[in-house]
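Chain residues, written in single-letter form:
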Amino acid sequence: MNIVSFEQVSKSYRMGEVEVAALSQVSLRISKGAFAALVGPSGSGKTTALNLIGCLDLPTTGEVIVAGQPVSRLDRRRGAQFRGNKLGFVFQDFSLLPVLTVFENVEYPLLMIRDMPKAQRRPAVERVLEAVGMADQARKYPAQLSGGQKQRVAIARALVGNPELVLADEPTANLDGATAQRVMALMKRMREEFGTTFVFSTHDPRIMDQADVTFYLEDGRLLDKPPAYGEGRHA
């Protein structure tokens, strides 16, 4: 069963009087439960693809289907509702709120997006913090954490609502090599434990090998095979 489908998807942006094609006629399928990577250099279109999957943008042409829903037909309100119920996000800059504790950062989407009662929020937060190994740091603030710890909190926040799909945009970009490998291993373990599909973007060859399936993008187009040069090289 596919959790993500692109059908001849194109996305263009207007920059002054010039129209720039971020994606051109991309068709792809991602199976439910996959650990999938969108790979390519800066400007290849991988972040645009994630934004389309995440209902943060709409395609210019084509159809995007996520968890059985044609998301390209959703208006802003229904798109936000779909994101809150079905999706989780992990960002390269962690995007933690500095004035909130670890516990409060993870709790935030349950409170602000789902309006879940406190009696239900606490066990949900405790469960994912325990799963990512951050239960003993629950009262700390982001400024007191290492980069790897911040990313663990971000993963816990993405998982707390039991999403069907987690989107991670360059999740290891601000981490050293060893920490990046540990974060990827954690995401894989969370996939096994929670049954969540992960789709992440990267241009780091060390991270590509972690994926079950890899899609190579270049200049907005999906390649039939891995590029044989530069940072996109991958067997």
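Please read all numbers here as calculations on a predicted model, not as lab measurements.

> Would you take a moment to explain helix H4 (residues 118–131) for this structure?
Here H4 is 14 residues long and its end C-alpha atoms lie 20 Å apart, about the 20 Å a rise of 1.5 Å per residue gives. Of all the positions in H4, only Arg121, Ala124, Val125, Val128, Leu129 and Ala131 are classed as buried. Take H4 and look down its axis: the buried residues cluster within an arc of 155°, on one side only. Facing away from the buried side of H4, by more than 90 degrees, are the exposed residues Ala119 and Glu130.

> Got a minute to help me understand the confidence of the model for the chain in this structure?
A low pLDDT score tells you not to read the predicted coordinates there in detail. Looking at the chain as a whole, its pLDDT mean stands at 90, while 97% of the residues score no less than 70. Long-range and interchain partners of residues 229–235, a stretch whose pLDDT sits below 50, account for 14 contacts in this model, where long-range means more than four residues apart.

> What is the right way to look at helix H2 (residues 76–86) in this model?
Restricting attention to buried positions, one finds in H2 the residues Gly79, Phe82 and Gly84. Looking at the packing, one finds that the buried side of H2 touches strand S4 (61–66), strand S5 (69–70) and strand S6 (87–91). Measuring from the backbone nitrogen of Arg77 back to the side-chain oxygen at the start of H2 gives 3.3 Å, which picks out Asp75 as the cap.

> Is there a simple way to explain the sheet that holds strand S8 (residues 197–202) in this structure?
By definition, the strands of a sheet pair up through backbone hydrogen bonds, in either a parallel or an antiparallel sense. Reading across the sheet, the six strands line up as S6-S7-S8-S3-S9-S10 and stay open at both edges, with mixed pairing between neighbours. Looking at the sheet topology across the chains shown, the edges are occupied by S6 and strand S10 (221–222). Sheet analysis places S6 next to strand S7 (residues 165–169), joined by five bridges and oriented parallel. Bridge pairing in S7 links Phe89 to Leu167. Packing of H2 onto the sheet brings it into contact with S6 and S7, and relative to S6 it is tilted by some 85°. The strands touched by helix H5 (residues 147–159) within the sheet are S6, S7 and S8, with S6 carrying the most contacts at an inclination of about 165°.

> How do you make sense of the sheet that holds S5 when you look at a structure like this?
In space, the four strands of this open sheet follow the order S2-S1-S4-S5, with antiparallel pairing throughout. For this open sheet the edge positions go to strand S2 (18–31) and S5, each flanked by a neighbour on one side alone. Note that strand S1 (residues 2–15) and S4 share five bridges and pair antiparallel. Note on S4: the bridge partner recorded for Glu7 is Glu63.

> How should I be thinking about the layout of surface pockets in this particular structure?
Think of a ball as big as a water molecule: rolled over the atoms, this probe shows where empty space is left. Put simply, the largest pocket is a space of about 490 Å³. Lining of the largest pocket is provided by 21 residues; of these, Leu87, Phe89, Pro109, Ile113 and Arg157 occupy positions nearest its centre. When contributions to the lining of the largest pocket are tallied by element, the ones reaching two or more residues are H2, S6, helix H3 (102–112) and H5. Here the lining of the largest pocket takes five residues from H3, the largest share from any one element. Among the residues making up the lining of the largest pocket, the classes are represented as 13 nonpolar, five polar and three charged. Reported here for the second largest pocket is a volume of approximately 220 Å³. Lining of the second largest pocket is provided by Cys55, Leu56, Asp57, Leu58, Val71, Leu74, Asp75, Arg76, Gly79, Ala80 and Arg83.

What counts and what doesn't
- Residues numbered from 1 in each chain as written.
- Predicted model: local features only at pLDDT ≥ 70, side-chain atom pairs only at ≥ 80, totals over all residues.
- Heavy atoms only, no water.
- Helix = DSSP H or I, 4+ residues; strand = E, 2+ residues; numbered from the N terminus.
- Expected span 1.5 Å × (residues − 1).
- Buried < 20%, exposed > 50% of the residue type's maximum accessible area, 1.4 Å probe, protein only.
- Arc of directions from axis to C-beta.
- pLDDT = per-residue confidence, 0-100.
- Contact = heavy atoms within 4.5 Å.
- Polar contact = N/O pair within 3.5 Å; in protein donor to acceptor, adjacent residues only side chain to side chain.
- Pairing = 2+ DSSP bridges.
- Axes fitted to C-alpha atoms, helices over the stretch in contact; angles between N-to-C directions.
- 1 Å grid on protein atoms, 1.4 Å probe; cavity = no way out; pocket = protein on both sides within 12 Å on 5 of 7 lines; lining within 4 Å.
- Points joined across faces, edges and corners; volume = space filled by probe spheres on them.
- Nonpolar A, V, L, I, M, F, W, Y, C, P; charged D, E, K, R; others polar.

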